Amino acid sequence: MQPTVRYLSRRDIESLGITMAEVVDAVETMFREKGAGRTHMPPKIDIHPSGDGFIHAMPAHLPSAATAGMKWISGFPSNRDRGLPYISGLIVLNDPDTGLPTAVMDATWITAMRTGAATAVAAKYLARRGSLTVSIVACGVQGQSNLEALTEVLPVERVLAYDINRNEAERFASEAVSRYGVSAAVAADLEHAVSDGDVVVTSGPIRRKPEPTIPAGWLRQGSFACPLDFDSYWTGAALCAADRFVTDDMPQLEHFRQLGFFADTPVPDADLGDIVAGTVPPRQTDTEIIISMNLGLALADVAVGALALTLARARGVGIDLEL
């Protein structure tokens with residue numbers, strides 16, 4: 001029999017109706033497996049063809065999902081001026097027993113959803129239980145998916161939106177009210193957004209040569225922050241001032257430090273997988289300021305990709321191509 005590979009477009013993946021709750025569950029399970037030492041994921045391999053544009057190769061093996069794979073993902077900030085998406089890419093899945101490719105799928109939707117889900121998992125263990133106000137700094141696709149995911153794990157009542165494009169922040173705030181039934185407002189400035197949030201998510205472009213603007217002292221007592229943009233917007237002093245500083249993958253952060261990123265970033269206290277697995281304690285008091293710097297894990301892409309492939313096969317979605 002001639003082997004085939006299932007191709008899934010973004011439209012195919014979106015048609016499957018995978019919910020954010022399902023993605024959060026898959027990503028939390030992945031972190032638990034990672035913390036238990038039952039996964040394999042080397043650090044991202046990166047190239048930088050132009051300016052702040054990057055392309056990453058992200059391989060991973062997740063035995064609990066009976067799959068291995070790699071995401072080939074790019075982020076080019078200048079694409080916005082061309083009417084093109086900032087993030088684009090593909091995920092390739094392989095059968096771990098034979099090595100044969102089983103699927104090629106668009107990575108855009110999965111990247112957005114799993115990134116939001118990883119923030120939600122971090123918040124589940126590290127945010128104060130009574131966190132009601134979520135501040136989103138940079139109101140693009142990642143800001144949207146992060147807010148959606150956070151509403152799955154926290155009793156969100158209020159949203160603060162901040163973006164250098166005020167129209168984007170106003171649109172985001174309006175959509176938050178209609179989608180989640182929360183109150184929402186545009187923050188007067190960046191300091192207001194950071195200092196008034198119980199949970200703060202920054203999701204701007206990753207800069208090769210960052211000029212961070214968030215100093216120490218802005219985060220309120222008991223808050224939780226999740227930078228998704230490396231060290232582009234948080235000063236080293238702000239990161240060092242946290243009572244606890246964790247990351248979603250310690251080897252990966254150290255790898256990027258050796259490449260010139262994170263010059264002023266402290267060494268993390270823990271890996272998020274260890275917290276989810278129970279070998280490192282979660283938040284201990286309501287007064288701790290905790291930051292989780294999530295770099296993005298190939299394991300999460302593989303976990304959600306495997307879920308999508310299972311549903312696509314069951315429903316006859318996608319196209320089978322001969323190898």
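As the structure is a computational prediction, the values presented were derived from the model and not from experiment.

A. Structural view of the sheet that holds strand β9 (residues 183–186). Pairing within the open sheet is parallel, and its eight strands lie in the order β9-β8-β7-β10-β11-β14-β12-β13. Of all the strands in the sheet, just β9 and β13 (270–271) have a single pairing partner and so form its edges. Relative to strand β14 (residues 290–293), strand β11 (residues 224–227) runs parallel, the two sharing two bridges. Among the inter-strand pairings, A225 is bridged to a residue of β14, identified as I291. Packed onto the sheet, helix α4 (residues 141–153) meets β7 (133–137), β8 (158–162) and β10 (199–202) and runs at close to 165° relative to β7.

B. Up close: the layout of surface pockets. For the second largest pocket, the calculated volume is near 260 Å³. Only α1 (10–15), α3 (108–126) and α4 provide two or more residues apiece to the lining of the second largest pocket. Per-element tally for the lining of the second largest pocket: the top contributor is α4, with four residues. Of the residues in the lining of the second largest pocket, the class split is six nonpolar, three polar and four charged.

C. Here's a closer look at empty space enclosed by the protein. Taken as a whole and judged by the stated rule, the model has two cavities of 30 Å³ or more. Size it by volume and the largest cavity reaches roughly 70 Å³. Q144, L147, F172, E175, A176, R179 and Y180 are the residues that line the largest cavity. By residue number, the principal contributor to the lining of the largest cavity is helix α5 (residues 166–180), which donates five residues. Classifying every residue of the lining of the largest cavity gives four nonpolar, one polar and two charged. Taken as a whole, the second largest cavity encloses approximately 50 Å³ of empty space.

D. Up close: α4. Given a rise of 1.5 Å per residue, 13 residues ought to cover 18 Å, and the 19 Å separating the end C-alpha atoms of α4 matches this to within 8%. Buried residues of α4: Q142, G143, S145, N146, L147, E148, A149 and L150, and no others. Elements that come into contact with the buried residues of α4 comprise α2 (20–35), α3, β7, β8, α5 and β10.

Reading guide: rules and limits
Residues numbered from 1 in each chain as written. Predicted model: local features only at pLDDT ≥ 70, side-chain atom pairs only at ≥ 80, totals over all residues. Heavy atoms only, no water. Pairing = 2+ DSSP bridges. Helix = DSSP H or I, 4+ residues; strand = E, 2+ residues; numbered from the N terminus. Contact = heavy atoms within 4.5 Å. Axes fitted to C-alpha atoms, helices over the stretch in contact; angles between N-to-C directions. 1 Å grid on protein atoms, 1.4 Å probe; cavity = no way out; pocket = protein on both sides within 12 Å on 5 of 7 lines; lining within 4 Å. Points joined across faces, edges and corners; volume = space filled by probe spheres on them. Nonpolar A, V, L, I, M, F, W, Y, C, P; charged D, E, K, R; others polar. Expected span 1.5 Å × (residues − 1). Buried < 20%, exposed > 50% of the residue type's maximum accessible area, 1.4 Å probe, protein only.

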